Amino acid sequence: MVKRRVSDTVVDTRAKIVEPKTLASCGRRTHAAKGWFDVLTSEHCDLLEQARPADHKLLVLVYRETEDRPAPLPAYDRAQMVAALACVDFVCIADASDADAIVASAGAEPALDVDVRQSRDVVRHVVATQRS
C-alpha cells in the first residue's frame, strides 16, 4: 500500500486513482497532463508542478500499455507513482487515443503532453546503456 504522511494525516494515494466516468465533478478549475510515465523522473515532477496553478486541481492521465507500445511497468503501478506526488489530485488510467476526450468530459483545461515536453528519453537512454 502506498501511503504518505501529510502533517498528521496518512493519505492512501490509491484513492486518487479514479475511473473516467467519475471525472465529471472535476470542474473548470482543473488542469490536466497526460503521458506514459514509463519511468517517473524529476523532469516529470517539475512539469506536473508547473501544470498546476495555485488554487487549481491537477488531473493526470497515465496511458495503458499496448502491443505496439509496451511499458516497463503496468499502468496501475505507474499511476500509483504519479498519484504519490503532492501536486496531483486525480489520476486516470486511459488509452492514449481517449485522453483528450476524457479531459474534455471532465471540463479540464486541455492536457499538457508531458512526453512531448520532456527533454530526454530516459528509458531509451537506459536501454542503450545496458546494451553497450
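Only a predicted model underlies this, so the values are computations on that prediction, with no experimental measurement involved.

1. Quick word on the overall build of the protein chain
For the protein chain, the count of helices and strands is five helices and six strands. Ordered by position from N to C terminus, the α and β elements of the protein chain give β-β-β-α-β-α-β-α-β-α-α. Here the protein chain, with 132 residues, has 39% of them falling under the buried criterion. For the protein chain, long-range pairs separated by at least 24 residues make up 76% of all intrachain contacts whose partners lie at least 6 apart in sequence. Split by element, the accessible area of the protein chain, about 7,800 Å² in all, is 50% carbon and sulfur.

2. Brief notes about the nonpolar core
If you look at the biggest cluster of nonpolar residues, it comprises 20 residues, and the most contacted ones within it are Leu48, Val60, Val82, Val88 and Val91. Sorting the residues of this core by element identifies helix 1 (42–51), strand 4 (57–63), helix 2 (75–83) and strand 5 (90–94) as the ones contributing at least two each. With residues near it in sequence (within four places) discarded, Val60 still touches Ala33, Phe37, Leu48, Val82, Val88, Phe90, Val91 and Cys92. In terms of nonpolar packing, the next biggest core, distinct from the first, is built from 15 residues, Leu23, Trp36, Ala94 and Ala108 among them.

3. Notes on the sheet that holds strand 4
Pairing in this open sheet of four strands is parallel, and the strands run 5-4-3-6 from one edge to the other. Bordering the open sheet on either side are strand 5 and strand 6 (112–113), each of which pairs with just one other strand. The sheet contact formed by strand 3 (residues 30–35) and strand 4 spans six bridges and is parallel. In the strand pairing of strand 4, Ala32 is matched with Leu59. Each of strand 3, strand 4 and strand 6 touches helix 1; the most contacted strand, strand 4, lies at about 140 degrees to it. Across the sheet, helix 2 touches strand 4 and strand 5, and the angle it forms with strand 4 is around 160 degrees.

4. Re the pairing of strand 3
Most of strand 3 is tucked away: six of the six residues are buried. Of the two faces of strand 3, the one carrying Thr30, Ala32 and Lys34 and the one carrying His31, Ala33 and Gly35 are both buried. With helix 1 bridging strand 3 and the parallel strand 4, this β-α-β connection has right-handed handedness. Two strands pair when backbone bridges link them, and strand 3 and strand 6 are joined in this way by two bridges, in the parallel orientation. Considered in strand 6, the bridge of Lys34 is made with Asp113.

5. Observations concerning the side chain of Lys16
Relative to the helices and strands, Lys16 resides in the loop between strand 2 (9–12) and strand 3. An unpaired buried charge is present at Lys16: no salt bridge exists, and Asp89, the closest side chain of opposite charge, is 6.1 Å distant. A polar contact of 2.9 Å, which involves the side chain of Lys16, links it to the backbone oxygen of Ala83.

6. Quick look at the pattern of salt bridges
For the coordinates displayed, the defined rule picks out five salt bridges. Close ionic contact of Asp95 with Arg64 constitutes a salt bridge, the shortest N to O distance being 3.5 Å. Of this pair, Asp95 sits in the loop between strand 5 and helix 3 (99–105) while Arg64 sits in the loop between strand 4 and helix 2, placing them 31 residues apart in sequence. On the basis of relative accessibility, which here comes to 32%, the residue Asp95 falls in the partly exposed class. Look at Arg64 and you get partly exposed, because its relative accessible area is 37%.

Scoring rules and cut-offs
Residues numbered from 1 in each chain as written. Predicted model: local features only at pLDDT ≥ 70, side-chain atom pairs only at ≥ 80, totals over all residues. Heavy atoms only, no water. Helix = DSSP H or I, 4+ residues; strand = E, 2+ residues; numbered from the N terminus. Buried < 20%, exposed > 50% of the residue type's maximum accessible area, 1.4 Å probe, protein only. Contact = heavy atoms within 4.5 Å. Areas by Shrake-Rupley, 256 points an atom, 1.4 Å probe, with all protein chains shown as cover. Core = buried A, V, L, I, M, F, W, Y, C linked by side-chain atoms within 4.5 Å. Pairing = 2+ DSSP bridges. Axes fitted to C-alpha atoms, helices over the stretch in contact; angles between N-to-C directions. Right-handed = clockwise from strand over helix to strand, strands pointing away. Lys, Arg positive; Asp, Glu negative; His and termini not counted. Salt bridge = Lys/Arg side-chain N within 4 Å of Asp/Glu carboxyl O. Polar contact = N/O pair within 3.5 Å; in protein donor to acceptor, adjacent residues only side chain to side chain.

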